[in-house]
Amino acid sequence: MTNQDNPFLHRITRGNTQDDRFSREELTLANRNSGLLLELLNCDITPTGAHYLLNHFDVPVLDKTNHSLSFAGGFENPYSLLLDDIKSLDKITQPVTLECAGNGRAGLQPRSSSMPWMYEAVGTYEWTGTLLKPLIEKAAPKNNVVEISFSGADKGFDAAIEHNYARSLTLEQLEELGVMLVYEMNGQDLLPQHGAPLRIVVPGWYGMASVKWLFKIEALTSAFEGFQQVGTYHFKSDDEDNGQPVQDIRVKSLMMPPGVPDWYSRKRLVDEGPVSLIGRAWSGGGRVIKKVEVEIDGVWQQAKLSKQIGPFAWVKWQFEWMATSGEHCLRCRATDSEGHVQPLSPSWDLSGFGNNMVHEVTVEVRGK
Ligand SMILES: Nc1nc2c(c(=O)[nH]1)N[C@H]1C(S)=C(S)[C@@H](COP(=O)(O)O)O[C@H]1N2
Ligand SMILES: [Mo]
């Protein structure tokens, strides 16, 4: 395709937004990509179908009986596997928390115009599949291979570049990360919108690395230059900044909003007396949660942590609050094992990535 035929060159404008108004494009994205319902923070494992969803292009409907995964490019021993071959390999099941790197974007001012996430782009499914590393070892990357790319069957345009969704990992990252090749979530076949019949899950990294509708794994002798690897998913302060790649998940916590909501405003009403505040906290890159604090009317107090359900899964926290009548502002913040603490206000990023500021819920308490 020449530049002249490219319908998206110079014809898509995507500005930063200064105010609380959202564009029609953002509204369309928000209708396609759904978030976790915060009341389901009550569950260790996100119920099937309630995991957040982030799809860049259209969901490809793939035939699971014929679907094959090829190991191609710079391997000594290239081969392909059918889904049934993959299912017959050593099986592992583990809960892994995924969060979209753009979660919290709508909390930035100015805001990059994209999927306008508030807090809800996170969830924990129990993923079943097999470890990827032995399959890469079997394919035997040649000596000069530096990265492995993962291609999904979905295709479209971004920044006027036509591409299949694809990402890469270096051999060192593959070694460290315990990447899973996944065909089931919560004990059922992957849902079409979550990558059926096959995806990867990269524990501890933001969701963009967990490529869905996977059909090709390629060994590369130079760094992968696909759009989703180099054209986006970088922390940048401005357009001139080359940026740092977005990788492991920053420490974060959320609170299940207590009481009952007003349907339209989502404002909360709680009855006076004892109230259990419950939430989840997580961090990436192998870090665990050391502490969660809850702030009520300006005073921070420590919450109780439950046992983590898996090394890559979020942990439940709980705090017993004696609610008194009137309006209260509740916030929660987590600290991880490397001492990272959630900030009280968002840190700036040009594309709105990695906003892990504290979660704030305002409630009205009704006296007896
Ligand atoms: N093939 C493909 N894989 C993809 C994406 C995509 O658009 N296409 N989106 C990525 C992003 S940005 C995220 S956050 C996660 C979301 O996974 P989920 O929708 O199953 O929750 O998938 C990742 N994998
Ligand atoms: Mo994402």
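Further up the page is the structure itself.
Quantities reported herein were computed from a predicted structural model and do not represent experimental measurements.

Cut-offs and rules
- Residues numbered from 1 in each chain as written.
- Chains lettered and ligands numbered in written order.
- Predicted model: local features only at pLDDT ≥ 70, side-chain atom pairs only at ≥ 80, totals over all residues.
- Heavy atoms only, no water.
- Salt bridge = Lys/Arg side-chain N within 4 Å of Asp/Glu carboxyl O.
- Helix = DSSP H or I, 4+ residues; strand = E, 2+ residues; numbered from the N terminus.
- Buried < 20%, exposed > 50% of the residue type's maximum accessible area, 1.4 Å probe, protein only.
- Contact = heavy atoms within 4.5 Å.
- Pairing = 2+ DSSP bridges.
- Axes fitted to C-alpha atoms, helices over the stretch in contact; angles between N-to-C directions.

> Looking at this structure, how should I read the pattern of salt bridges?
Note that side chains of opposite charge can pair when their charged atoms are close. Counting across every chain of the model gives 14 salt bridges. As a salt-bridge pair, Glu-26 and Arg-111 come within 3.0 Å of each other at their nearest N and O atoms. You can see Glu-26 sitting in helix H1 (residues 24–32) and its partner Arg-111 sitting in strand E5 (residues 111–112), a full 85 residues away along the chain. Owing to a relative accessible area of 1%, Arg-111 belongs among the buried residues under this scheme. Connected via shared salt-bridge partners are Asp-248, Arg-287, Asp-336 and Glu-338.

> Could you clarify how one ought to interpret the environment of Ile-217 in this entry?
Relative to the helices and strands, Ile-217 is located in strand E12 (residues 214–220). Between the C-alpha atoms of Ile-217 and Gln-342, which are 125 residues apart in sequence, the distance is 36 Å. Once residues lying within four places of it in the same chain are set aside, the contact partners of Ile-217 are Leu-69, Ser-70, Phe-71, Ala-72, Phe-75, Leu-132, Ile-136, Ile-148, Ser-149 and Phe-150.

> Got a minute to help me understand the pairing of strand E23 (residues 326–336) in this structure?
A regular strand carries its side chains on alternate faces of the sheet. Burial analysis of E23 places eight of its 11 residues in the buried class, which makes it a mostly covered element. Of the pairings in the sheet, the one linking strand E19 (residues 289–296) to E23 comprises seven bridges and is antiparallel in character. Opposite Lys-291, over in E23, you have Thr-335 as the bridge partner. As judged from the seven bridges shared by E23 and strand E24 (residues 359–366), these two strands associate in the antiparallel manner. When the bridges of E24 are listed, Glu-327 appears paired with Glu-364.

> Explain the sheet that holds strand E3 (residues 79–82) to me, please; I cannot follow it from the model alone.
Within a sheet, each strand pairs with its neighbour through backbone hydrogen bonds, oriented either parallel or antiparallel. A sheet is described by the order of its strands in space; here five strands give the open sequence E3-E2-E12-E7-E8, paired in mixed fashion. Both outer strands of the open sheet, E3 and strand E8 (161–170), are each paired with one neighbouring strand and no more. This sheet shows a mean twist of 25° between the axes of neighbouring strands, independent of strand direction. Here strand E7 (residues 147–158) runs beside E8; their pairing, made up of nine bridges, is antiparallel. If you follow Ser-151 over to E8, its bridge partner there is Ala-166.

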